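# Examining the three-dimensional arrangement
The lines below spell out each chain.
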Amino acid sequence: MAGSYFLTTAIDYVNSAPHLGHAYEKVLADFFSRHEKSLERDVLFLTGVDEHGQKVQQSAQREGVEPQLFADQMSAHFQRLHESLGVASTHFVRTTDDHHKKIVREWLQRLHDKGEIFFQEYSGFYSVRQEQFVTEKDKVDGQWPEIFGEVIETKEPNYYFKLEPYRQQLLKYIEENPEWIVPAFRRKELLGALAEPLGDLCISRPKSRLTWGIPLPFNEDYVTYVWFDALVNYYSFASVKGKLFWPPDLQIIGKDILIPAHGVYWPIMLFALELELPKHLLVHGFWTNSGAKISKSNAKSLIDPVPYVEKFGPDALRYFVLREMVLGQDADFSDDRFETRYKTDLGNDLGNLVNRTLAMIGRYREGVVPNYDGFHLVESDNGLRSDIYVDEYRAAVEQFAPHLALQAAWKLVQCGNQYVEETAPWKLAKDPAQAKRLDVVLGLLAETVRRLSVLVQAALPFTSEKIRAQLQLFPGPVRIEEALFGNSLKGHAIGKPEPLFPRLEEKPPAAS
Ligand code: MSP
């Protein structure tokens, strides 16, 4: 085993159903997880849901059900989406899990014992939507920004976690670890946020105001602030069969939860508990719909991934989001672009190459991949044998650029299709003197299809399996090295081609 790899995603609030933004982040993590598995690493992949807090309590109240029942139903919804998309996490995290609650209480007790947490009466402004106290400094042009929703004045004693004593340590850490936050421009934003002294973090909510949370171990009249509870999940589930995978190699989050949650609270919690920080915080941008952020609070812009999965299949959605979004930046969703990617990249390019290769081997060689060992090869043959695309693919994944990795894989797809056009096997088949040449062409094409089944497995796991089934090969997962050229299929009997991305007559589900 080539070492271990631990990656996480943000855990989603269960106050409403998942949308495309949630689906993207989980697919992205699954892509990296599958890639690491193809490097033979022992992978721990955590994703799941954030179930406590005021928003969930309020949503449950609106529905007239107990928060636990509400959370159970919504969590099942998220879990089903993950399954349908092939998001194969090691564990689906739920913050209502008893083990997690125990760890949160342990952390709080340890911090309390160390004197990091103190009790104080505070009067000030409170954002109901963000579930946090806000100050005059948070106003923009004298107004509370919209993200805070309703802001009320309140006065109550609470427990606070001191952040400021760790600010210099955090600044030093960021300076010394330039790769900690990806992409680099997010690191600059964080440094900016750390230029001023940090206020204390209120980590409790009185039960008189919020009951749906984890009670504080040192005062049961309070529950834990939802962010403190949620962040601990990364540690609660970091052990598998007694093996602790700490620190995380990769933590994937959206740009809205870097500052302050993952860029300030989280590392300071870890400093205070003397735990190592994650190696990378990978910060992705937002999916928008006609320029508007896709969010549960904006019904008009909302995109439900389920109808797309049902109509086009999970890999079509996976491919679209991974290929279209330049990791770190925002990307816009549109039905037209989705349909174009489906028809061209998937149907006409990959699907067609696989289909015609298998069909021609069936037609001209009775379904057996010819052996061309020792036959004369020409320049175009060598182009198809090149490993350059695999190198490019791997380099792109290492640089956290799945869209470039897919571009590299599709260069091999295009190379294969061009090769079919140039060599025109249907013409070679008519001339018995060209039998050896046809063997070379079909052998190389079969090998290209086999290599592609490996190269697309992290992004398109279902398609990869289908290709391998049609080739009558072991289903996978397969080591990435198997994407390298090898003449391994000679004499191998393949199956019948079946369309991977069938043509669809109707329009896709409306995006608004
Ligand atoms: N529960 C917190 C995270 C706690 S992590 C310890 C939360 N939940 S969320 O449901 O609001 O968001 C979950 C993730 O989805 C975040 O990383 C967020 O950035 C991401 N997205 C939400 N909307 C998004 C888009 N429109 N596009 C891409 N991702 C977005 O925050």
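This write-up is about the structure you can find in this document. What you see is a predicted model, and the numbers here were worked out from it, not measured in a lab.

Definitions and cut-offs
Residues numbered from 1 in each chain as written. Predicted model: local features only at pLDDT ≥ 70, side-chain atom pairs only at ≥ 80, totals over all residues. Heavy atoms only, no water. Helix = DSSP H or I, 4+ residues; strand = E, 2+ residues; numbered from the N terminus. Rg over C-alpha atoms; globule rule 2.2 N^0.38 Å. Buried < 20%, exposed > 50% of the residue type's maximum accessible area, 1.4 Å probe, protein only. Contact = heavy atoms within 4.5 Å. Areas by Shrake-Rupley, 256 points an atom, 1.4 Å probe, with all protein chains shown as cover. Lys, Arg positive; Asp, Glu negative; His and termini not counted. Charge placed at Lys NZ, Arg CZ, Asp CG, Glu CD. Pairing = 2+ DSSP bridges. Core = buried A, V, L, I, M, F, W, Y, C linked by side-chain atoms within 4.5 Å. Near = heavy atom within 4 Å. Polar contact = N/O pair within 3.5 Å; in protein donor to acceptor, adjacent residues only side chain to side chain. Nonpolar A, V, L, I, M, F, W, Y, C, P; charged D, E, K, R; others polar. Phe/Tyr/Trp six-rings, centres within 6.5 Å; stacked < 30°, edge-to-face > 60°. Lys NZ or Arg CZ within 6 Å of the ring centre and 35° of its normal. Salt bridge = Lys/Arg side-chain N within 4 Å of Asp/Glu carboxyl O. Arc of directions from axis to C-beta. Axes fitted to C-alpha atoms, helices over the stretch in contact; angles between N-to-C directions. Parallel < 35°, antiparallel > 145°, perpendicular 65-115°, else oblique.

## Some words on the overall build of the protein
Across its full length, the protein carries 17 helices and 18 strands. What you see for the protein is a C-alpha radius of gyration of 26 Å, in line with the 24 Å of a compact globule of 512 residues. The C-alpha extent of the protein, read off along each of the three principal axes, is 95 × 45 × 40 Å. Taken over 512 residues, the protein has a buried fraction of 56%. Expressed as a percentage of contacts within the protein between residues at least 6 apart in sequence, the contacts between residues at least 24 apart total 77%. Carbon and sulfur atoms make up 50% of the accessible area of the protein, which amounts to about 21900 Å² in all. The averaged location of the 70 negative side-chain charges in the protein is 4 Å from the averaged location of its 58 positive side-chain charges.

## Thoughts on the sheet that holds strand β17 (residues 292-293)
Read across the open sheet, the 3 strands follow the order β17-β16-β18; overall the sheet is mixed. Sheet topology places β17 and β18 (331-333) at the edges, where each strand pairs with a single neighbour. Where strand β16 (residues 287-289) and β17 come together, 2 bridges link them in antiparallel fashion. Counted as the bridge partner of T288 is K293 from β17.

## Considerations on unusual backbone geometry
With an omega dihedral of -5°, the bond running from V182 to P183 counts as a cis peptide bond. Look at the link from G476 to P477: it is a cis peptide, with omega at 0°. With respect to the helices and strands, P477 occurs in the segment after α17 (461-470). Look at E40: it is not a glycine, yet its phi comes out positive at around 65°.

## Quick look at the side chain of D50
In this structure, D50 sits in strand β2 (residues 42-50). Leaving out residues up to four positions away in the same chain, D50 has contacts with I11, D12, Y13, V14, V56, T95, V226 and A230.

## Structural notes on the nonpolar core
Buried together is how nonpolar side chains tend to be arranged in soluble globular proteins. Judged by nonpolar contacts, the single largest core of 89 residues is most densely connected at F31, F32, W287, Y393 and W410. Take this core: its biggest share by element is 11 residues, from helix α16 (residues 435-455). Each residue touching W410, except ones within four places of it in the same chain, is listed here: Y319, D345, L346, D349, L350, V456 and L460. Judged by nonpolar contacts, the second largest core, of 61 residues, contains I11, V93, L170 and A261.

## Notes on the environment of F271
Along the chain, F271 turns up in helix α8 (residues 258-272). Taking relative accessible area as the criterion, F271 reaches 11% and is therefore assigned buried. Residues F271 and L170 lie 101 residues apart in sequence; the distance between their C-alpha atoms is 8.5 Å. Setting aside chain neighbours within four positions, we find F271 in contact with Y166, Q169, L170, Y173 and L277.

## Observations concerning the site of the ligand
In the neighbourhood of the ligand, 25 residues make up the surrounding shell, with I11, E25, D50, D256 and I294 lying closest. With respect to the ligand, the backbone of G254 contributes an N or O atom lying 2.9 Å from an oxygen atom. Compared with its free state, where it exposes 660 Å², the ligand has 96% of that area covered by protein. The set of elements that each furnish at least two residues to the shell around the ligand consists of β1 (4-13), α1 (20-38), α7 (226-236) and β14 (250-254). The class makeup of the residues in the shell around the ligand is 12 nonpolar, 7 polar and 6 charged.

## As for the packing of aromatic side chains
Between two aromatic rings, the relevant description is the distance of the centres plus the angle of the planes. For the structure on display, the rule yields 35 aromatic pairs. Each ring, one from W144 and one from F148, has its centre 6.4 Å from the other, and the planes form 65°; the classification is edge-to-face. Note on W144: relative accessible area 23%, which makes it partly exposed. Overall, F148 belongs to the buried group, its relative accessible area being 5%. Taken together, Y24, W287, Y308, F312, F320, F333, F338, Y342 and F501 form an aromatic cluster joined through their ring pairs. Here the basic side chain of R209 rests over the ring of Y126, its NZ or CZ set 4.4 Å away from the ring centre. The aromatic ring of F286 is capped on one face by K293, whose charged end is 4.2 Å from the ring centroid.

## Some thoughts on the pattern of salt bridges
As enumerated under the stated definition, the model contains 33 salt bridges in all. Between R167 and E164 there is a salt bridge, with the nearest N and O atoms lying 2.9 Å from each other. Residue E164 is classed as partly exposed on the basis of its relative accessible area, which comes to 28%. Here R479 and E482 are joined by a salt bridge, their closest N and O atoms 3.8 Å apart. E482 sits in the partly exposed class, given a relative accessible area of 30%.

## Some words on the sheet that holds strand β11 (residues 219-224)
If you trace the 3 strands from one edge of the open sheet to the other, you get β9-β11-β10, paired in antiparallel fashion. With one partner strand each, in any of the chains shown, β9 (204-206) and β10 (215-216) form the two edges of the open sheet. Examined bridge by bridge, β10 and β11 share 2 bridges and lie antiparallel to one another. Across the sheet, residue P215 finds its bridge partner in β11, namely V223.

## Quick notes on helix α13 (residues 388-398)
For α13, the full list of buried residues reads Y389, V390, Y393, A396 and V397. Projected down its long axis, α13 shows its buried positions confined to an angular sector of 130°, all on one face. On its buried face, α13 is in contact with α1, α12 (379-385), α14 (402-423) and α16. Looking at the residues trailing α13, positive phi occurs at F400, about 55°.

## Quick notes on the side chain of N417
Tracing the backbone shows N417 in helix α14. Setting aside its immediate chain neighbours within four residues, N417 contacts N348, D349, N352, L353 and R356.

## Structural notes on the packing of helix α10 (residues 314-324) against α17
The N-to-C vectors of α10 and α17 enclose an angle of 125°; their axes lie 7 Å apart at closest approach. Relative to α17, the element α10 lies oblique. On α17, the residues that touch P314, D315 and R318 of α10 are P461, F462 and T463. Of the residues in the contact of α10 with α17, the class split is 3 nonpolar, 1 polar and 2 charged.

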